[in-house]
Amino acid sequence: MGTVALASLLAIVVTMAVTAVIGVRIGRHNVVDVSWGAGFVVIAAVSAAVGTGDLWRRLLMLALVGIWGLRLASHMAVRSRGKGEDPRYEELLGRASGNRTLYAIRKIYVTQGISLWFVSLPVQVSAHSSGGFSVIVVLGVLLWLLGVTFEAVGDRQMAAFKSDPGSRGHIMDQGLWAWTRHPNYFGDACVWWGIFLVAASVWPGVLTILSPIAMTYFLVFATGARLLERHMAQRPGYREYQERTSYFIPRRPRSAPEA
């Protein structure tokens, strides 16, 4: 396990260092949104190569993380192309009292690197695990599949909505977005709980349960849904959207109150 952890840590340091150089050079720190998904793929690849556990388990983890991470990274790259800095990072950098670059490195890149390492612990531990194929593995893959589908469909629906000139000034409340205000974040959470289940199917994978809990916390309360809602709160119609649509876990939308 120590070899995988050390190799993963080194891969994260290199990934975040390259990302920081690019971010400082172009003057946009939202490049970390691209390296978030890509960073997990790097960790999964390193873990698969260095790990000593079952080959099928290492390859399965690489496939699960690779498909999810590459899709997310490419989606974020397309979404941010030709745009300015993300308001989240503008707000964060506005708190800097000294050198903004050093502040950004500490608050954005180092923080993301630590998060990458901790959330990926199920992948790292699984790379050194051995055990037969079980029902828990199947459940994990099915939960991962639900998450990837939810995230990809939600992102595609939002992209189509934003590309339609007639949607300007309106709130996206169709498709999956009618069932949850954050289908992409809900999908992310399902993906990482699914990955955890695969790891937990053999000892000591169950000990990494804090990793999916941390990811869910990031998505729901820290840098994900809660922060996005703060930026959306003043948009016309968003308050009504909040009243009829579930915050995170999908459910049938509430009926609009009668006039």
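Notes on the structure in this doc start here. Every value quoted in this text rests on a predicted model; they were computed, and no experiment measured them. (Residues numbered from 1 in each chain as written. Predicted model: local features only at pLDDT ≥ 70, side-chain atom pairs only at ≥ 80, totals over all residues. Heavy atoms only, no water.)

**A closer look at the overall build of the chain**
To be explicit about the condition: Each helix is a run of DSSP H or I of at least 4 residues and each strand a run of E of at least 2, with the numbering of both proceeding from the N terminus. The globule rule used here is 2.2 Å times the number of residues to the 0.38 power, and the radius of gyration it is set against is calculated over C-alpha atoms.
Counting its regular elements, the chain contains eleven helices and zero strands. Ordered by position from N to C terminus, the α and β elements of the chain give α-α-α-α-α-α-α-α-α-α-α. Against the 2.2 N^0.38 benchmark of 18 Å for 259 residues, the chain shows a C-alpha radius of gyration of 19 Å, consistent with a compact globule. Each of the three principal axes of the chain carries a C-alpha extent, and together these read 60 × 50 × 25 Å.

**Side note on the packing of aromatic side chains**
Rules: Two rings belonging to Phe, Tyr or Trp (six-membered ring only in the last case) form a pair when the distance between their centres is within 6.5 Å. Interplanar angles under 30 degrees mark stacking, angles over 60 mark edge-to-face geometry, and anything in between is tilted. Note on classification: 1.4 Å probe, protein chains only; a residue is buried when its accessible area is under 20% of the maximum for its type, exposed when over 50%, partly exposed between these limits.
Under the counting rule described, the total for this entry stands at eleven aromatic pairs. Here the aromatic rings of Phe150 and Phe186 are separated by 5.1 Å at their centres, their planes lie at 70°, and the arrangement is edge-to-face. Here Phe150, found in helix H7 (residues 135-163), pairs with Phe186, found in helix H8 (residues 183-200); they are 36 residues apart in sequence, far enough to count as distant. Take Phe150 and Phe186: they sit in the same class, and that class is buried.

**Considering a nonpolar patch on the surface**
Applicable threshold: Two joining distances apply to patches: 9 Å for like charges and 5 Å for nonpolar side chains (Val, Leu, Ile, Met, Phe, Trp, Tyr), and every residue must have over 30% relative accessible area and no salt bridge. Residue exposure ignores everything except the shown protein chains as possible cover, and the areas themselves are Shrake-Rupley values with a 1.4 Å probe. Think of a salt bridge as a Lys or Arg side-chain nitrogen and an Asp or Glu carboxyl oxygen that are within 4 Å of each other.
Nonpolar side chains collect at one region of the surface, where Trp56, Phe133, Val135, Val138, Leu139, Leu142 and Leu145 lie side by side and expose about 670 Å² of accessible area between them. In terms of residue count, the dominant contributor to the nonpolar patch is H7 (five residues). Position of Trp56 among the secondary structure elements: in helix H3 (residues 55-80).

**What to know about the nonpolar core**
What counts, and what does not: Each nonpolar core is a collection of buried residues, namely Ala, Val, Leu, Ile, Met, Phe, Trp, Tyr and Cys, held together in the definition by side-chain atoms within 4.5 Å. Whether two residues touch is decided by their heavy atoms; if any such pair falls within 4.5 Å, the residues are in contact.
Phe40, Trp68, Trp192, Ile195 and Met215 are the most contacted members of the largest nonpolar core, which totals 47 residues. Among the elements of the structure, helix H1 (2-26), helix H2 (32-50), H3, helix H4 (87-93), helix H5 (100-119), H7, H8 and helix H9 (210-220) are those that each provide at least two residues to this core. In this structure Phe40 touches Val65, Trp68, Leu116, Val119, Ser120, Trp192 and Met215, once residues within four positions along its chain are discounted.

**Here's the deal with the packing of H1 against H2**
To describe two helices that pack against each other, one gives the angle between their axes and the distance between the axes. Cut-off, in case you're wondering: Fitted lines through C-alpha atoms give the axes, limited to the stretch in contact for helices. The angle between two N-to-C directions lies from 0 to 180 degrees. By the definition adopted for this analysis, an angle is roughly parallel if under 35 degrees, roughly antiparallel if over 145, roughly perpendicular if from 65 to 115, and oblique otherwise. In a left-handed crossing the near helix is turned counterclockwise from the far helix by less than a right angle, and in a right-handed crossing that turn is clockwise. As a working rule, the residues Ala, Val, Leu, Ile, Met, Phe, Trp, Tyr, Cys and Pro are called nonpolar, Asp, Glu, Lys and Arg charged, and the rest polar, with Gly in that last group.
Interaxial distance between H1 and H2 falls to 9 Å at its minimum, and their mutual angle equals 150°. In terms of orientation, H1 lies roughly antiparallel with respect to H2. In this structure, the crossing between H1 and H2 has a hand that is right-handed. Along its contact with H1, which presents Thr3, Val4, Ala7, Ser8, Ala11, Ile12, Thr15, Met16 and Thr19, the element H2 presents Val32, Ser35, Gly39, Val42, Ile43, Val46, Ser47 and Val50. For the contact of H1 with H2, the per-class residue count stands at ten nonpolar, seven polar and no charged.

**Quick look at the packing of H2 against H5**
At a minimum axis distance of 10 Å, the contact between H2 and H5 shows a crossing angle of 35°. H2 and H5 meet at a crossing whose hand is right-handed. Residues Val32, Ser35, Trp36, Gly39, Phe40 and Ile43 of H2 form the contact with H5, whose own contacting residues are Ile108, Tyr109, Gln112, Ser115, Leu116 and Val119.

**Describing the pattern of salt bridges**
What the rule picks out here adds up to four salt bridges. Note that Asp173 is salt-bridged to Arg244, the shortest N-O span being 2.7 Å. Linking Asp173 in the loop between H7 and H8 with Arg244 in helix H11 (residues 238-244), this pair joins segments that are 71 residues apart in sequence. Assessed through its relative accessible area of 22%, Asp173 is described here as partly exposed. Classification of Arg244 by relative accessible area gives partly exposed; the value is 24%. Between Glu229 and Arg181 there is a salt bridge, and its shortest N-O distance comes to 2.7 Å. You can see Glu229 sitting in helix H10 (residues 225-232) and its partner Arg181 sitting in the loop between H7 and H8, a full 48 residues away along the chain. Through salt bridges with shared partners, a single ionic network connects Arg71, Glu151 and Asp155.

It is worth stressing that arrangement in space is one thing and function is another; only the former is reported here.
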